[in-house]
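A structural walkthrough
If you want the building blocks of each chain, they are given just below.
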Amino acid sequence: MKIKKAKILRKLMGNLIALISFAWPNLTIADNIRSFTFDSFSRIKSEFEGKEFLLGLWSVDCPPCLVELDMMGKILDLNPELPFVLISTDPIDTKEDAIEFLSDFNLENRESWMFADSFVERLRYSIDPNWYGELPRSYFFDRTHEMNSHSGIMSTELLENWFAQDITFP
Amino acid sequence: MYKKLLSLLILQAALMSPSLYAICDSSDIDRDQVSIHCGNTPSATFDARGNLWVAFVQDEFVYVSQSQDLGKSFSDPVAVNSAAEDAEHNGENRPKIIVDERGLVFVSWTLKTSSRFTGEIRFSRSTDGGENFETPRTINDDNLFTGHRFESLFLADSGHLYLTWVDKRDLEASVEAGEDYVGAAIYYAVSDDDGASFSQNYRVANNSCECCRIAIAPRGPENIAILWRQVFGEDVRDHAIAELTPSGKTLTTNRASYDQWHINACPHHGPTMVQSSLSGDYHMSWFTNGDLNQGIYYARYSFDDERSASIFQVDGQPGAGHPFLSEHNEKLHLVWKGFNGRETLLNLITSEDDGATWSEPTTLLKTNKGSDHPLLIQNSDSLFLSWHSDEFGYVLLDVNENIRRLSNNEN
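Note that the coordinates shown come from a computational prediction; the quantities given were computed from them, not determined experimentally.

Calculation criteria
Residues numbered from 1 in each chain as written. Chains lettered and ligands numbered in written order. Predicted model: local features only at pLDDT ≥ 70, side-chain atom pairs only at ≥ 80, totals over all residues. Helix = DSSP H or I, 4+ residues; strand = E, 2+ residues; numbered from the N terminus. Buried ≥ 20, exposed ≤ 12 C-beta atoms within 10 Å, placed from the backbone. Rg over C-alpha atoms; globule rule 2.2 N^0.38 Å. Contact = placed C-beta atoms within 7 Å. Nonpolar A, V, L, I, M, F, W, Y, C, P; charged D, E, K, R; others polar. pLDDT = per-residue confidence, 0-100. Core = buried A, V, L, I, M, F, W, Y, C linked by C-beta atoms within 7 Å. Pairing = 2+ DSSP bridges. Axes fitted to C-alpha atoms, helices over the stretch in contact; angles between N-to-C directions.

Glancing now at the overall build of chain A. Summing up its helical and strand segments, chain A has six helices and six strands in all. Counting from the amino terminus, helix and strand elements in chain A follow one another as α-β-α-β-α-β-α-β-α-β-β-α. Buried residues in chain A amount to 34% of all 170 residues.

Before going further, it helps to examine the overall build of chain B. The helix and strand inventory of chain B stands at three helices and 27 strands. Relative to the 2.2 N^0.38 estimate, which gives 22 Å for 411 residues, the radius of gyration of chain B is 20 Å and therefore close to what a compact globule would have. Restricting the contact set of chain B to residue pairs at least 6 apart, pairs at least 24 apart contribute 48%.

Glancing now at the interface of chain A and chain B. In this assembly, 23 residues from chain A lie in contact with 21 residues from chain B. A breakdown of the residues in the side of chain A that touches chain B according to their chemical character gives 13 nonpolar, five polar and five charged.

Any segment with low pLDDT has predicted coordinates that should not be analysed in fine detail. When pLDDT is averaged across chain A, the result is 85; 82% of the residues are at 70 or more. pLDDT under 50 marks residues 1–29 of chain A. Its contacts with residues more than four places away, or in other chains, come to seven contacts.

What follows is about the nonpolar core. Soluble globular proteins: nonpolar side chains tend toward being buried together. Residues and elements named next belong to chain B. With 131 residues, the main nonpolar core has Val 107, Leu 163, Ile 226, Met 273, Met 284 and Leu 385 as its most contacted residues. Per-element accounting of this core gives the leading share, seven residues, to strand 11 (residues 184–191). Not counting residues up to four positions away in its chain, the partners in contact with Ile 226 are Thr 164, Ile 214, Ala 215, Ile 216, Ala 242 and Leu 244.

All names here are of chain B. One open sheet holds the four strands; their spatial order is 5-6-7-8, and the pairing between them is antiparallel. In this open sheet, the two edge strands, each paired with only one partner strand, are strand 5 (96–99) and strand 8 (137–138). In the sheet, strand 5 pairs with strand 6 (residues 105–112) via four bridges, with the strands oriented antiparallel. Across the sheet, Val 99 pairs through a bridge with Val 105, a residue of strand 6.

All names here are of chain B. Taken in spatial order, the four strands of this open sheet run 17-18-19-20, and their pairing is antiparallel. Each edge of the sheet is formed by a strand with only one pairing partner; in this case those strands are strand 17 (272–275) and strand 20 (307–315). Ignoring strand direction, the axes of neighbouring strands in this sheet form an average angle of 25°. Strand direction decides the pairing type here: strand 18 (residues 282–289) and strand 19 (residues 294–302), joined by eight bridges, are antiparallel. Within strand 19, the residue paired with Trp 286 across the bridge is Tyr 297.

A few words now on the environment of B:Glu391. Turning to its location among the elements, B:Glu391 is positioned in the loop between strand 26 (383–389) and strand 27 (393–398). A sequence separation of 165 residues divides B:Glu391 from B:Ile226, and the C-alpha atoms of the two residues are 34 Å apart.

All names here are of chain B. The share of residues in chain B with pLDDT of 70 or more is 92%, and the mean pLDDT across the chain is 92. Low pLDDT (under 50) marks residues 1–10, which in the prediction has two contacts with non-local residues, meaning those over four places away or in another chain. A low-confidence stretch, residues 12–21 stays under pLDDT 50, and its non-local contacts, those more than four residues away or across chains, total 15 contacts. The complex model carries a pTM of 0.88, and its ipTM stands at 0.85.

Another point: the environment of A:Gly152. Checked against the element boundaries, A:Gly152 lands in the loop between strand 6 (147–151) and helix 6 (156–162). Each C-alpha atom, one on A:Gly152 and one on A:Gln165, is 23 Å from the other, the two residues being 13 residues apart in sequence. For A:Gly152, the contacting residues outside a window of four places in its chain are A:Pro64, A:Pro136, B:Ile263, B:Asn264 and B:Ala265.

With that settled, consider helix 5 (residues 120–127) of chain A. Burial within helix 5 of chain A is extensive, with six of its eight residues counted as buried. Those residues of helix 5 of chain A that fall on the buried side of the exposure criterion are A:Glu121, A:Arg122, A:Leu123, A:Arg124, A:Tyr125 and A:Ile127. Where helix 5 of chain A is buried, its residues contact strand 1 (33–36), helix 2 (40–47) and strand 4 (111–115) of chain A together with strand 22 (331–339) and strand 23 (344–351) of chain B.

This is the structure in structure tokens:
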């Protein structure tokens, strides 16, 4: 009986958290994947105002993306404070697949977004009008939010060059 | 609402048709209803009598539907697979359909077997005019749980039915042997008995790109030419062209594009190719973001000269993509998707001199919602755009009629 009560309580808590996160999308919970729409990118940027951050775009249908996620997962294990935001270009209704991948690389608790509009051309444009859609694609924003972009798997050299803060590599 | 009405009016004018096209999200159509408008990633073809056949995916079924009035109305969709299976349906992966002279219907698709890039090449046919389909068969013959995806289907004049695809069996073998392997491989199989059976699988090339559609065109009555994105050297993802025979022999393999796109990534952007009726050469169009070229390109490849000529930048704007070529009455047509920051534009250019010079672009249709890649199909009368979008549902648009209308409006 106690177990059952605890379960119900947990479920209620879960619902409460879900409700709060719905009203306040910046709060992250276990399934912390957020809907990426036309204004999401500006929200991400304002979230990191005055700070440097790295944006990683990926898809479950992109083998090189997994190599990159593996690398980033290991780097973030050593540098948990490194500001890294993930955007999956897969539709958000396939988020179970995305969560499975992210969990494999210990990235499931990172800030994560998924494309939530079928007009993907406009979503891509909202991030970078000069991006052709190839994956993986990375963007680094320095403290003044000057943008650097890279197509293909990121390298440790790039990360070292981009970030002002020191990074420990595996 | 006003915008939507306006868009519909534009489409209406473009189609010059009195009937409105069904849109999946309109209130009078149930979204769950199986229909070409609510389905995904349709491919289309005409049969010998000029009837339109469309294959599409909806809720783990591949459906086939026919239209006898050029897409104004459709027959009730017939499910090709009787048991639900996860048929891939995205821009580069769609079911394919061919109807031969006698009315045999051939359908292929890629079955997604996991979320880890694995799949099987599936094939089915109807021998009773599309009323019933045979139980789908898996054509890759390696029994491996690995990637067999991005299939293409082609029927040669000789009746040989080709299936080509991107295959990861050699990658698997290399990984097991502890060796590096870049990309995937291109494989094919051939049927010489109207799809009743297929040959063993034949390898065309190692080290292809993993995630781009393969373009096929005829090469003589029974051979085919295929064009695909290949990894050259360590990381250059340009294009290769090859001639394949029904016996499993690859006759020629050459590099077809020199863009020097150094990238270890998935472009998800396959090429398109048709054979020229004027020269016998191969019209190609593709996307690249290489050191040498960026955007959508056109070139004409000659197997005799082993080189590409008349290279032309079709669209260098970043949003541009997914070109599709077709030749009709010796006139070459190229459609592609452009993007102006707000809307997707379906653009068209034409060439009447075998790709040496091109018309100015014409915008056939626009949408400010999600849309599929544009395809071109033809019957004996005209050339048609076959396109699916969230805004308009499935649209079949007479390209020649539309060009005439646009040019009349300009004059």
